[in-house]
Amino acid sequence: MQEMANVYFYGKRYVVPADLTIMTAMEYAGYQLLRGCGCRHGFCGACATIYRIAGTNTLQSCLACQTQVQDGMYVATLPFFPTVKKLYEMEEIQPEEQIMMQLYPEIYACIGCNACTKSCSRQLGVMQYIAYAQRNELEKCAHESFDCVACGICSARCPAGISHPMVGMLARRLTGKYIQPETAHTRSKVESIRSGALDALITEMMTMPLDKMKEMYNSREIEK
């Protein structure tokens, strides 16, 4: 017989196959997921979820599409968390020392509790990249935050109200535009696309079998 698990979605008990992810278990239980489901492969951060296992006091966080259900799991999803995203024009800002103070001054109110790192669904060093941002070490901040999917769980747990994903995004944008050397190969490809030189290839790829496309990707020339 298939192993089953007792799980609780929004306080209501369901019996679901134990090998399902939280997201597929919700669908198995009859929920129609219109929001908070996104890519379903762990890249978009739309399915931010918190849960607690019966008999424990620890509140866990995860992405619902990547986490297997457990018996006695109490689940609540966070399909949206209102992080603060400041408006700016990339052409009008520079990677100067005061840029973080101007746009995200709350990072200097960090109390070092590390709740952001402990709650990260990607196990990133969130408090560390905020420390880099405080010191204007933008390239290090960009590298440390590179795998962030902006699920917002870290910000939901932060007593200082820091919008960690937005800080990391700003650091990555500034690093890509002003600090890292220009990627000549990318610029050349963009110009080729705009000129129409790759139209035939793009049309061919849209009807190409997936296996052949994977082969092309795996054998591509990678710019050093």
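Up top is the structure these notes are about.
Residues numbered from 1 in each chain as written. Predicted model: local features only at pLDDT ≥ 70, side-chain atom pairs only at ≥ 80, totals over all residues. Heavy atoms only, no water.

For the chain, the helix and strand inventory stands at ten helices and five strands. If one aligns the C-alpha atoms of the chain with their principal axes, the spans along those axes are about 55 × 50 × 25 Å. Taking all 224 residues of the chain together, 35% fall into the buried category. Once local pairs closer than 6 in sequence are excluded, the contacts in the chain between residues at least 24 apart make up 57%. For the chain, the distance from the average site of its 22 positive side-chain charges to the average site of its 22 negative ones is 7 Å. (Helix = DSSP H or I, 4+ residues; strand = E, 2+ residues; numbered from the N terminus. Buried < 20%, exposed > 50% of the residue type's maximum accessible area, 1.4 Å probe, protein only. Contact = heavy atoms within 4.5 Å. Lys, Arg positive; Asp, Glu negative; His and termini not counted. Charge placed at Lys NZ, Arg CZ, Asp CG, Glu CD.)

In this section: the packing of aromatic side chains. Summed over the entire model, instances satisfying the criterion amount to five aromatic pairs. Measuring from ring centre to ring centre gives 4.1 Å for Tyr8 and Tyr74, while their planes differ by 5 degrees; the resulting arrangement is stacked. Taken together, the residues Tyr8 in strand β1 (residues 4-9) and Tyr74 in strand β5 (residues 73-77) connect sequence positions 66 residues apart. For Tyr8, a relative accessible area of 19% gives the class buried. Judged by centre distance (6.0 Å) and plane angle (55 degrees), the ring pair of Tyr10 and Tyr31 falls under tilted. Here the residue Tyr10 occupies a position in the loop between β1 and β2 (12-17), and Tyr31 occupies one in the loop between α1 (22-28) and β3 (48-53), the gap between them amounting to 21 residues. Residue classification places Tyr10 among the partly exposed positions, given a relative accessible area of 49%. Of the aromatic side chains, those joined through ring pairs into one cluster are Phe9, Tyr10, Tyr14 and Tyr31. One Lys or Arg, Lys86, reaches over the ring of Tyr104 and ends 5.6 Å from the middle of that ring. A cation sits over an aromatic face here: Lys177 above Tyr178, 5.5 Å from the ring centre. (Phe/Tyr/Trp six-rings, centres within 6.5 Å; stacked < 30°, edge-to-face > 60°. Lys NZ or Arg CZ within 6 Å of the ring centre and 35° of its normal.)

This paragraph deals with the pairing of β1. Strand direction decides the pairing type here: β1 and β2, joined by six bridges, are antiparallel. For Asn6, the partnering residue across the bridge sits in β2 and is Val15. The turn linking β1 back onto β2 is made up of two residues, and Tyr10 within it adopts a positive phi angle of 55 degrees. Across three bridges, the pairing between β1 and β5 is parallel. Bridge assignment links Phe9 to a residue of β5, and that residue is Val75. (Pairing = 2+ DSSP bridges.)

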